[in-house]
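Fold and contact review
In case you want the letters, here they are:
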Amino acid sequence: MLNWVIEPGRPARAEVDGVATREETAAWLRGADAEITEALHQHGAVLLRGLPVTGTPDVACVRDVLIPERTPYREKATPRSDFGDGVFSSTDLPPSQAIRMHNENSYTLTFPGRLLFACLVAPPEGGATPVADCREVLRRLPAALVARGRAAGWRLTRNYSGYISLDWRTAFSTEDRSAVSAYCAENHIDAEWRADGTLRTRQIRPAVITHPATGEESWFNHLAFWNEWSLEEEIRAALIDEFGSDGLPFNTGLGDGAPLTREEAETLNAAYEAATVRERWQAGDVMLVDNISTSHGRDPFRGDRRIAVAMGDPVRVTDCRPSVLPAATVGAHAD
């Protein structure tokens, strides 16, 4: 029986004793898997402290027990380092940059149901991986905004240029434009090839989905994360001045075609902040996150930080009772 420590402002945590080797780690995890899953469904994220996790093989060992079926990283959006064996860096964005709350790959048709974060090197200052319960976020949002998201979903526009975001070759892992066009057509994405060889895409995705295991609804999207009003004002102004409002690397809106206002973006970000908990990383920590019920981000940091991530337990959005079907254009609704 695991002894879960529940404290305000911190994720559920369990201390692990008496496990010294990789083989003992795998055996302990297999024995505790049912309890970990039960806690994960309840809390959305659980942190295990005391496992002998020091390198990529250890992370892969934990992953193979807790997330045996892997999920590839599709429609890539941020740079990552490949540590090998399906283990990556959490992100290679600059340490000074905070990363807002988001559900991994919420814009893809199949996304990871579980994420695994493991601390190989703990930063001396900052660098937590905060998490927010998206069931709580949904409860905190104004009813009118939720109703619009439920009825029309959310809209994502991306410009793949290579200057201030990933280019399409990196994002889709191919040099073949026809392969990208085929992928977009198959995955309900409107693809527009520009005269300069860059790519602009648009897609509609549900803003609210239902967890297939728990039956609970969750605010599941990148609506606030990639919205222009979530940018620092100076950065937003500079990007619009350089690329125009329709040339931003990412932008979002509601699926009905209406842009998100500054006030609505602030309301969304405030709901995430109110639901956010965090734990300062210690070397060897492992945090398992239910990607459907819980969003995650990253605090700025100083010093060396090495957080490995693995993801799996693939889930199809159509298995989550979406109120809006994925579409390339505005106007598609679920039956």
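Reference entry: report on the structure contained in this document. (Residues numbered from 1 in each chain as written. Predicted model: local features only at pLDDT ≥ 70, side-chain atom pairs only at ≥ 80, totals over all residues. Heavy atoms only, no water.)

In terms of helices and strands, the chain carries eight helices and 20 strands. Relative to its length of 335 residues, the chain is compact, with a C-alpha radius of gyration of 20 Å against a globular reference of 20 Å. Structurally, the chain occupies a C-alpha span of about 60 × 40 × 35 Å along its principal axes. The buried share of the chain, reckoned over its 335 residues, is 53%. (Helix = DSSP H or I, 4+ residues; strand = E, 2+ residues; numbered from the N terminus. Rg over C-alpha atoms; globule rule 2.2 N^0.38 Å. Buried < 20%, exposed > 50% of the residue type's maximum accessible area, 1.4 Å probe, protein only.)

Sizing a probe to match a water molecule and rolling it over the atoms shows the empty space that remains. Taken as a whole and assessed by the stated rule, the structure comprises four cavities of 30 Å³ or more. The space that makes up the largest cavity amounts to roughly 250 Å³. Lining the largest cavity are 21 residues, and of these Arg 80, Ser 90, His 102, Glu 104 and His 296 sit closest to its centre. Breaking the lining of the largest cavity down by element, the ones donating at least two residues are strand 6 (99–102) and strand 18 (294–298). Per-element accounting of the lining of the largest cavity gives the leading share, three residues, to strand 18. A per-class count over the lining of the largest cavity returns eight nonpolar, nine polar and four charged. (1 Å grid on protein atoms, 1.4 Å probe; cavity = no way out; pocket = protein on both sides within 12 Å on 5 of 7 lines; lining within 4 Å. Points joined across faces, edges and corners; volume = space filled by probe spheres on them. Nonpolar A, V, L, I, M, F, W, Y, C, P; charged D, E, K, R; others polar.)

Within the fold, Thr 201 resides in strand 12 (residues 199–205). Those residues in contact with Thr 201 that sit more than four places away from it in its chain are Leu 156, Thr 157, Arg 158, Tyr 160, Cys 184, Ile 189, Asp 190 and Ala 191. (Contact = heavy atoms within 4.5 Å.)

Throughout the structure, instances matching the rule amount to seven aromatic pairs. Centre to centre, the rings of Phe 172 and Tyr 183 are 5.6 Å apart; their planes meet at 65 degrees, and the pair counts as edge-to-face. Within this pair, whereas Phe 172 is found in helix 5 (residues 168–172), its partner Tyr 183 is found in helix 6 (residues 177–186), the two being separated by eleven residues in sequence. A single burial state applies to Phe 172 and to Tyr 183, both of which are buried. Seen in terms of ring centroids, Phe 225 and Trp 226 are 5.5 Å apart; in terms of plane orientation they differ by 50 degrees. Their pairing is tilted. You can call Phe 225 buried: its relative accessible area is 18%. Given the relative accessible area of 9%, Trp 226 is considered buried. (Phe/Tyr/Trp six-rings, centres within 6.5 Å; stacked < 30°, edge-to-face > 60°.)

A few words now on the sheet that holds strand 1 (residues 4–5). Within the open sheet, the eight strands sit side by side as 1-2-3-17-7-20-5-4. Their pairing is mixed. Bordering the open sheet on either side are strand 1 and strand 4 (82–84), each of which pairs with just one other strand. Two strands pair when backbone bridges link them, and strand 1 and strand 2 (residues 12–15) are joined in this way by two bridges, in the antiparallel orientation. Looking at the pairing, Trp 4 lines up with Ala 14 of strand 2. Across the face of the sheet, helix 1 (residues 22–43) comes into contact with strand 1, strand 2, strand 3 (45–49), strand 7 (110–121) and strand 17 (286–290) while running at roughly 145 degrees to strand 3. Here helix 2 (residues 56–66) sits on the sheet in contact with strand 4, strand 5 (87–89), strand 7, strand 17 and strand 20 (306–316), set at roughly 145 degrees to strand 7. (Pairing = 2+ DSSP bridges. Axes fitted to C-alpha atoms, helices over the stretch in contact; angles between N-to-C directions.)

Right, let's get into the pairing of strand 10 (residues 154–160). Across the seven residues that make up strand 10, a large majority, seven, are buried. Neither face of strand 10 is open: one carries Trp 154, Leu 156, Arg 158 and Tyr 160, the other Arg 155, Thr 157 and Asn 159, and all of them are buried.

This brings us to the layout of surface pockets. Put simply, the largest pocket is a space of about 810 Å³. Around the largest pocket sit 25 residues that line it, and Leu 93, Gln 97, Ala 98, Phe 225 and Leu 231 are the ones nearest its centre. Counting residues per element, the ones that place at least two in the lining of the largest pocket are strand 6 and helix 7 (233–243). When its residues are assigned to classes, the lining of the largest pocket shows 16 nonpolar, six polar and three charged. Tyr 73, Lys 76, Arg 80, Phe 88 and Met 311 are the residues nearest the centre of the second largest pocket, which is lined by 16 residues in total. Residues belonging to the lining of the second largest pocket are distributed by class as follows: seven nonpolar, four polar and five charged.

Take the pattern of salt bridges next. Working definition: two side chains of opposite charge can pair if their charged atoms are close together. One pass over the full model with this rule turns up 28 salt bridges. Each of Glu 7, Arg 10, Arg 13, Glu 15, Arg 49, Glu 279 and Asp 285 takes part in a single network of salt bridges with overlapping partners. (Salt bridge = Lys/Arg side-chain N within 4 Å of Asp/Glu carboxyl O.)

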